[in-house]
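Working through the structure, step by step
Below are the chains, spelled out letter by letter.
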Amino acid sequence: PGDIQVVSESFQAIEYISNLIIQKGDAVIVEEPICPEIFRVFLAIGANIIPVKTDENGLVCEHLESLITRYHPKLIYTNPDFQNPTGTVMSLERRIKLLDLSYQYGIPIIE
């Protein structure tokens, strides 16, 4: 029970988790476009926000690895199901590639 945190909505959860992981100046990789509220959460923490392109199949993983090696992000934020604001759904192939990169580089993902 001590490991459970009850929050009122998803933005509060994302803010809570981000405050635990991110310090001012840390890089965070986010999908572009990104929901303005999520952008404001990372901005308020002082994160260095690194956008990665999306298309009709979601986050473009081919661009992701070079961003990871260049910026060494503390986390990756993605919205793979009905992405806000585009409504796209990330393909299974890209989800697997994203997880592979997350494991390879030890980067947590916030979904």
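This text gives an overview of the structure that appears in the document. As the structure is a computational prediction, the values presented were derived from the model and not from experiment. Each chain carries its own residue numbering, running from 1 in the direction its sequence is written. Owing to the predicted nature of the model, reporting of local features is limited to residues with pLDDT of at least 70; listing and counting of side-chain atom pairs is limited to 80 or more, with chain, interface and lining totals taken over all residues. Hydrogens and waters are ignored; side-chain quantities use all the structure's heavy atoms.

Okay, helix 4 (residues 92–105) next. Numbering of helices and strands runs from the N terminus, with a helix taken as a DSSP run of H or I at least four residues long and a strand as a DSSP run of E at least two residues long. A helix is expected to span 1.5 Å for every residue after the first. The end-to-end C-alpha separation of helix 4 is 20 Å, in line with the 20 Å expected for 14 residues at 1.5 Å each. Residues are treated as being in contact if the distance between any of their heavy atoms lies within 4.5 Å. Looking at the buried side of helix 4, the elements it contacts are strand 2 (48–55), strand 3 (58–59), helix 3 (61–71), strand 4 (75–77) and strand 5 (109–110). With its phi angle positive at about 65 degrees, glycine 106 sits one or two positions after the end of helix 4.

This brings us to the packing of aromatic side chains. Classification of ring pairs rests on two measures: the distance between centres of Phe, Tyr or Trp rings, Trp counted by its six-membered ring, which must be within 6.5 Å, and the angle between planes, read as stacked under 30 degrees, edge-to-face over 60 and tilted in between. Counted by the stated rule, this structure contains one aromatic pair. Between phenylalanine 42 and tyrosine 77 the ring centres are 6.0 Å apart and the planes differ by 65 degrees, which places this aromatic pair in the edge-to-face class. Taken together, the residues phenylalanine 42 in helix 2 (residues 36–45) and tyrosine 77 in strand 4 connect sequence positions 35 residues apart.

Read these as spatial facts, not as claims about activity.
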